[in-house]
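Spelled out from the first residue to the last, the chains are:
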Amino acid sequence: MRTIRGHPSIKRMLDVRLAATGLSAFQLIKDEIHGPMIIKPLPDLVFIRFCFDFETKHGKGIAVAFLVSTSNGTWKAWSLLTRLGSLKAYPEKIGTLHSRPSHHESWEDQRRQEFEFDEGDPTVLVIGAGHCGLQVAARLTYLSVPTLVIDKNQRVGNNV
Ligand SMILES: Cc1cc2nc3c(=O)[nH]c(=O)nc-3n(C[C@H](O)[C@H](O)[C@H](O)COP(=O)(O)OP(=O)(O)OC[C@H]3O[C@@H](n4cnc5c(N)ncnc54)[C@H](O)[C@@H]3O)c2cc1C
């Protein structure tokens, strides 16, 4: 998770990442929860909030945008939050893709194979087995993305 503020920083990030990311398929979401709405937190402050789906080369995501009304009557982008929700090459393991437990190997053998990466190197290396690292690793493992978590500490959760 990272936040980028101000025109120069946002432009620098877009110059480097926009072409490589391959954003496409923008689609305004109109359902009851995500549909466009006017938010008036204070008498002299008004936001328009809207959400849209988008795709990148590698996945699908959702964005939340806030426009703020300015004193000269125009609307200005205030914030844009984007979140990658799924990976095209690693679809969610639900329905017919749901992993079935193997009856040929014990759970211990399966875990040993996962630790040793018998079938190839991990695709993702997560540095830091803290709250965020373990959460990312659990999610990627659920999507069947081979993931290795490392930590400078001997034991998980021993960092405080
Ligand atoms: C004293 C204390 C009490 C807290 N109590 C609570 C509480 O009661 N409830 C609560 O919800 N939150 C609590 N928090 C906050 C919570 O611990 C943090 O919000 C959470 O741990 C942040 O998770 P993280 O994964 O971002 O970072 P961290 O938990 O800091 O994890 C980062 C990990 O990366 C590893 N690492 C860093 N650099 C490297 C490197 N170069 N190579 C390899 N590994 C590396 C570290 O060893 C660490 O394991 C507490 C925090 C402190 C300090």
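Just above, that's the structure.
Here we summarise the structure given alongside this text.

1. Considerations on the packing of aromatic side chains
And then number 1: Applying the stated criterion across every chain yields a total of five aromatic pairs.
And then number 2: Aromatic pair F47 and W78: ring centres 6.3 Å apart, planes at 55°, arrangement tilted. Taken together, the residues span a long stretch of sequence, with F47 in strand 3 (residues 45–55) and W78 in strand 5 (residues 75–87) at a distance of 31 residues.
And then number 3: Judged by its relative accessible area of 13%, F47 is buried.
And then number 4: An aromatic cluster is present here, built from F26, F50, F52 and F54 joined pairwise through their rings.

2. Brief notes about the site of the ligand
And then number 1: Among the 10 residues in the neighbourhood of the ligand, the closest are listed as G128, H131, C132, D151 and N159.
And then number 2: Take H131: an N or O atom from its main chain is 3.0 Å from an oxygen atom of the ligand.
And then number 3: One of the backbone nitrogen or oxygen atoms of C132 is found 2.8 Å away from an oxygen atom of the ligand.
And then number 4: Computed on the free molecule, the ligand has an accessible area of 1,000 Å², of which 38% lies beneath the protein chains in the complex.
And then number 5: When grouped by side-chain class, the residues that make up the shell around the ligand number three nonpolar, five polar and two charged.

3. With respect to the environment of T96
And then number 1: Note that T96 resides in the loop between strand 5 and helix 2 (107–116).
And then number 2: According to the relative accessible area criterion, T96 is exposed, its value standing at 80%.

4. Brief notes about the layout of surface pockets
And then number 1: Considered as a void within the structure, the largest pocket measures approximately 2,400 Å³ in volume.
And then number 2: As for the largest pocket, its lining consists of 41 residues, of which R2, L80, L81, T82 and R83 are closest to the centre.
And then number 3: Within the residue set of the lining of the largest pocket, elements represented by two or more residues are helix 1 (7–21), strand 3, strand 4 (59–69), strand 5 and helix 3 (131–142).
And then number 4: It is strand 5 that provides the largest number of residues to the lining of the largest pocket, a total of 12 residues.
And then number 5: Looking at the lining of the largest pocket, its residues break down into 24 nonpolar, 11 polar and six charged.

5. Regarding the side chain of T56
And then number 1: Residue position: T56 is located in the loop between strand 3 and strand 4.
And then number 2: Here T56 falls in the buried class, since its relative accessible area comes to 11%.
And then number 3: Setting aside anything within four residues of it in sequence, one finds T56 in contact with T21, G22, L23, L84 and K88.

6. Notes on a negative patch on the surface
And then number 1: There is a patch of like negative charges on the surface, built from E105, E108, D109 and E119.
And then number 2: Relative to the helices and strands, D109 resides in helix 2.
And then number 3: Residue classification places D109 among the partly exposed positions, given a relative accessible area of 36%.

The rules behind each value
- Residues numbered from 1 in each chain as written.
- Predicted model: local features only at pLDDT ≥ 70, side-chain atom pairs only at ≥ 80, totals over all residues.
- Heavy atoms only, no water.
- Phe/Tyr/Trp six-rings, centres within 6.5 Å; stacked < 30°, edge-to-face > 60°.
- Helix = DSSP H or I, 4+ residues; strand = E, 2+ residues; numbered from the N terminus.
- Buried < 20%, exposed > 50% of the residue type's maximum accessible area, 1.4 Å probe, protein only.
- Near = heavy atom within 4 Å.
- Polar contact = N/O pair within 3.5 Å; in protein donor to acceptor, adjacent residues only side chain to side chain.
- Areas by Shrake-Rupley, 256 points an atom, 1.4 Å probe, with all protein chains shown as cover.
- Nonpolar A, V, L, I, M, F, W, Y, C, P; charged D, E, K, R; others polar.
- 1 Å grid on protein atoms, 1.4 Å probe; cavity = no way out; pocket = protein on both sides within 12 Å on 5 of 7 lines; lining within 4 Å.
- Points joined across faces, edges and corners; volume = space filled by probe spheres on them.
- Contact = heavy atoms within 4.5 Å.
- Patch = residues over 30% accessible without salt bridge, like charges linked within 9 Å, V, L, I, M, F, W, Y side chains within 5 Å.
- Salt bridge = Lys/Arg side-chain N within 4 Å of Asp/Glu carboxyl O.
- Lys, Arg positive; Asp, Glu negative; His and termini not counted.
- Charge placed at Lys NZ, Arg CZ, Asp CG, Glu CD.

None of the figures reported here should be taken as evidence of function without further support.
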